[in-house]
Amino acid sequence: MILRNVTDEDLPIFFELQRDPEAQRMAAFASRERDAFMTHWRTNVLRAENVTRTIVMGGVVVGHIGSWEQDAMRLVGYWMGREHWGKGIATRALSEFLVLEPTRPLHAWVALNNLASIRVLEKCGFRALRNENPHHPDGVAEALMRLGST
Ligand SMILES: CC(C)(COP(=O)(O)OP(=O)(O)OC[C@H]1O[C@@H](n2cnc3c(N)ncnc32)[C@H](O)[C@@H]1OP(=O)(O)O)[C@@H](O)C(=O)NCCC(=O)NCCS
């Protein structure tokens with residue numbers, strides 16, 4: 001596995017990943033239209049102060065992982081293509097990412113029904129802090145998970 005910098009050629013691949021309805025349900029995440037997606041990635045996600053990486057397995061782009069500052073917390077998030085689920089890729093990518101992103105505590109919001117993602121976070125040492133995200137636009141129940149002490 002390689003975690004490399006995101007290139008412009010990766011963005012159409014990431015765009016398709018976020019259009020997968022099953023992935024959207026898991027992540028409780030509404031997809032963006034193409035223009036909005038590209039603008040969001042180029043102006044928000046790919047900022048110098050964020051850490052964003054493309055996950056490559058055997059030369060194939062399988063997903064992305066990154067961290068950013070929000071509400072005075074450093075958050076991490078990730079997304080894998082469905083054909084690559086269940087092979088331990090997210091767990092391995094997050095473990096390797098935690099070396100690149102040394103900020104602690106590190107937090108993640110995860111929908112309570114996203115058991116796979118909760119498992120990935122737990123395997124990497126994250127623990128549930130509280131079960132509520134007052135900021136979620138659709139009122140989805142989410143847990144805040146944390147790695148490291150305050
Ligand atoms: C969540 C996601 C990142 C998991 O990626 P992955 O590469 O399949 O994860 P891994 O294979 O490393 O680990 C998945 C773990 O969850 C477990 N799991 C999978 N589906 C599960 C389910 N329905 N219930 C309980 N556990 C489940 C697996 O058994 C595995 O745990 P184990 O190693 O203890 O057996 C991937 O499904 C995804 O990208 N989903 C869409 C976007 C998303 O939800 N992002 C996270 C937002 S917080």
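Thresholds applied
- Residues numbered from 1 in each chain as written.
- Predicted model: local features only at pLDDT ≥ 70, side-chain atom pairs only at ≥ 80, totals over all residues.
- Helix = DSSP H or I, 4+ residues; strand = E, 2+ residues; numbered from the N terminus.
- Rg over C-alpha atoms; globule rule 2.2 N^0.38 Å.
- Buried ≥ 20, exposed ≤ 12 C-beta atoms within 10 Å, placed from the backbone.
- Contact = placed C-beta atoms within 7 Å.
- Near = placed C-beta within 6 Å.
- Nonpolar A, V, L, I, M, F, W, Y, C, P; charged D, E, K, R; others polar.
- Core = buried A, V, L, I, M, F, W, Y, C linked by C-beta atoms within 7 Å.
- Expected span 1.5 Å × (residues − 1).
- Arc of directions from axis to C-beta.

1. Points about the overall build of the protein
Then comes step 1: Each helix and strand in the protein was counted, giving five helices and seven strands.
Then comes step 2: Listing every helix and strand of the protein by position from the N terminus yields β-α-α-α-β-β-β-α-β-α-β-β.
Then comes step 3: Rg of the C-alpha trace for the protein: 14 Å, near the compact-globule value of 15 Å for 150 residues, within the 12% margin.
Then comes step 4: A principal-axis box enclosing the C-alpha atoms of the protein has dimensions of 35 × 30 × 30 Å.
Then comes step 5: Considering the protein as a whole, with its 150 residues, one finds that 24% of them fall into the buried category.
Then comes step 6: Contacts spanning at least 24 positions in sequence make up 58% of the contacts within the protein whose residues lie at least 6 apart.

2. Some words on the environment of leucine 17
Then comes step 1: Looking at where leucine 17 falls in the secondary structure, it is placed in helix α1 (residues 11–17).
Then comes step 2: Once the C-alpha coordinates of leucine 17 and methionine 80 are considered, the two residues, 63 residues apart in sequence, prove to be 7.3 Å apart.

3. Some thoughts on the site of the ligand
Then comes step 1: Near the ligand, the surroundings consist of 22 residues, among which Ala90, Thr91, Leu115, Ala116 and Arg119 are the closest.
Then comes step 2: Those elements that place two or more of their residues in the shell around the ligand are α2 (21–27), β4 (73–80), α4 (89–100), β5 (106–111) and α5 (115–123).
Then comes step 3: For the shell around the ligand, the leading source of residues is α5, giving five residues.
Then comes step 4: The residue inventory of the shell around the ligand, partitioned by class, reads 14 nonpolar, six polar and two charged.

4. Some remarks on the nonpolar core
Then comes step 1: If you look at the biggest cluster of nonpolar residues, it comprises 22 residues, and the most contacted ones within it are Tyr78, Ala93, Leu94, Ala108 and Leu121.
Then comes step 2: For this core, the secondary structure elements donating two or more residues are β3 (60–70), β4, α4, β5, α5 and β7 (142–147).
Then comes step 3: When sequence neighbours within four positions are dropped, the list of residues in contact with tyrosine 78 reads Gly63, His64, Ile65, Ala90, Ala93 and Leu94.

5. Description of α4
Then comes step 1: End to end, α4 covers 17 Å across 12 residues, agreeing with the expected 16 Å (1.5 Å per residue, within 8%).
Then comes step 2: Buried within α4 we find Ala90, Ala93, Leu94 and Phe97. On an axial view of α4, the arc spanned by its buried residues comes to 100°, and they lie on one face.
Then comes step 3: For α4, the secondary structure elements touched by its buried residues are β1 (2–5), β2 (51–57), β3, β4 and α5.

6. Topic: unusual backbone geometry
Then comes step 1: The amide bond that connects arginine 104 to the next residue, proline 105, takes the cis arrangement and shows omega of 0°.
Then comes step 2: With respect to the helices, strands and loops of the structure, proline 105 is situated in the loop between α4 and β5.
Then comes step 3: With phi around 50°, alanine 28 is a residue other than glycine that occupies positive phi space.
Then comes step 4: Looking at the secondary structure, you find alanine 28 in the loop between α2 and α3 (34–45).
Then comes step 5: Judged by the 20 C-beta atoms lying within 10 Å of it, alanine 28 falls in the buried class.
Then comes step 6: The phi torsion at alanine 72 lies on the positive side, around 65°, for a residue other than glycine.

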